[in-house]
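Observations on chain architecture
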Amino acid sequence: MSYKIKSRIWIESNQNVFLGEGRIELLKAIQKTGSLSKAAKSLNLSYKKAWHLLDAVNKSAKKPVTVNAIGGANGGGTQLTDYGKSLIVVFEDINKSCWEFLDNQLKKIEGV
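Let me begin by describing the structure that accompanies this report. This structure is a prediction, so every number in the text was calculated from the model and none was measured. (Residues numbered from 1 in each chain as written. Predicted model: local features only at pLDDT ≥ 70, side-chain atom pairs only at ≥ 80, totals over all residues. Heavy atoms only, no water.)

Attention shifts here to the overall build of the protein chain. If you tally the helices and strands in the protein chain, you get four helices and four strands. Starting at the N terminus, the α and β elements of the protein chain follow one another as β-β-α-α-α-β-β-α. Its C-alpha radius of gyration of 17 Å places the protein chain more than 25% over the 13 Å reference for a compact globule of 112 residues. Principal-axis analysis of the C-alpha atoms places the extent of the protein chain at approximately 65 × 30 × 20 Å. Residue burial in the protein chain is summarised as follows: out of 112 residues, 31% are buried. Considering only intrachain contacts with a sequence separation of at least 6, the fraction spanning at least 24 residues in the protein chain is 48%. Charged side chains of the protein chain number 17 positive and 10 negative; the gap between the two group centres comes to 7 Å. (Helix = DSSP H or I, 4+ residues; strand = E, 2+ residues; numbered from the N terminus. Rg over C-alpha atoms; globule rule 2.2 N^0.38 Å. Buried < 20%, exposed > 50% of the residue type's maximum accessible area, 1.4 Å probe, protein only. Contact = heavy atoms within 4.5 Å. Lys, Arg positive; Asp, Glu negative; His and termini not counted. Charge placed at Lys NZ, Arg CZ, Asp CG, Glu CD.)

As structure tokens, then:
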């Protein structure tokens, strides 16, 4: 018989979610599209939901995660700060380490 182990991680700050897989996917989509609106659309989220998720991340972060440009001749947009980009890298590293740990733990069950 084959077993799988399932888990999701998130990071909280003052009992509020700071980062999780969904928020990281939103940050990655913003990085790719340069726009919160386009990022939301690419993830099949409403703009309002995406805005609330991003606002929660920014409010929990030590530094700004994104910067906004006002629309106009060149259009507006949302860009990740260097800090925001580093959060993606660090979260994905933590997540990868967690999965490696869990895969090793699953071997204990398979050995019984």
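Side-chain positions along a regular strand alternate between the two faces of the sheet. Of the strand pairs in this sheet, strand β1 (residues 10-13) and strand β2 (residues 16-20) are connected by four bridges, and their pairing is antiparallel. Among the inter-strand pairings, S13 is bridged to a residue of β2, identified as N16. Remark: two residues form the turn of the hairpin made by β1 and β2, two consecutive strands paired antiparallel; N14 in that turn has positive phi of roughly 55 degrees. (Pairing = 2+ DSSP bridges.)

What follows is about the packing of helix α1 (residues 21-33) against helix α3 (residues 47-60). Where α1 meets α3, the axes come as close as 10 Å, and the angle between the chain directions of the two elements is 100 degrees. Put simply, α1 runs roughly perpendicular to α3. Touching R23, L26, L27 and I30 of α1 are A50, L53, L54, A56 and V57, all from α3. Taken together, the residues of the contact of α1 with α3 break down into eight nonpolar, no polar and one charged. (Axes fitted to C-alpha atoms, helices over the stretch in contact; angles between N-to-C directions. Parallel < 35°, antiparallel > 145°, perpendicular 65-115°, else oblique. Nonpolar A, V, L, I, M, F, W, Y, C, P; charged D, E, K, R; others polar.)

Here the focus is the side chain of T66. In this fold, T66 is placed in strand β3 (residues 66-69). Among the polar contacts made by the side chain of T66, one reaches the side chain of N58 at a distance of 3.1 Å. In this structure T66 touches L54, N58, T78, Q79, L80 and T81, once residues within four positions along its chain are discounted. (Polar contact = N/O pair within 3.5 Å; in protein donor to acceptor, adjacent residues only side chain to side chain.)

Counting 24 residues, the largest nonpolar core has F18, L19, L26, L27, I30 and V65 as its most contacted members. Mapped by element, the contributors of at least two residues to this core are β2, α1, α2 (36-42), α3 and α4 (82-110). Here the element with the most residues in this core is α4; it accounts for six residues. (Core = buried A, V, L, I, M, F, W, Y, C linked by side-chain atoms within 4.5 Å.)

Nothing here speaks to function; it is all geometry.
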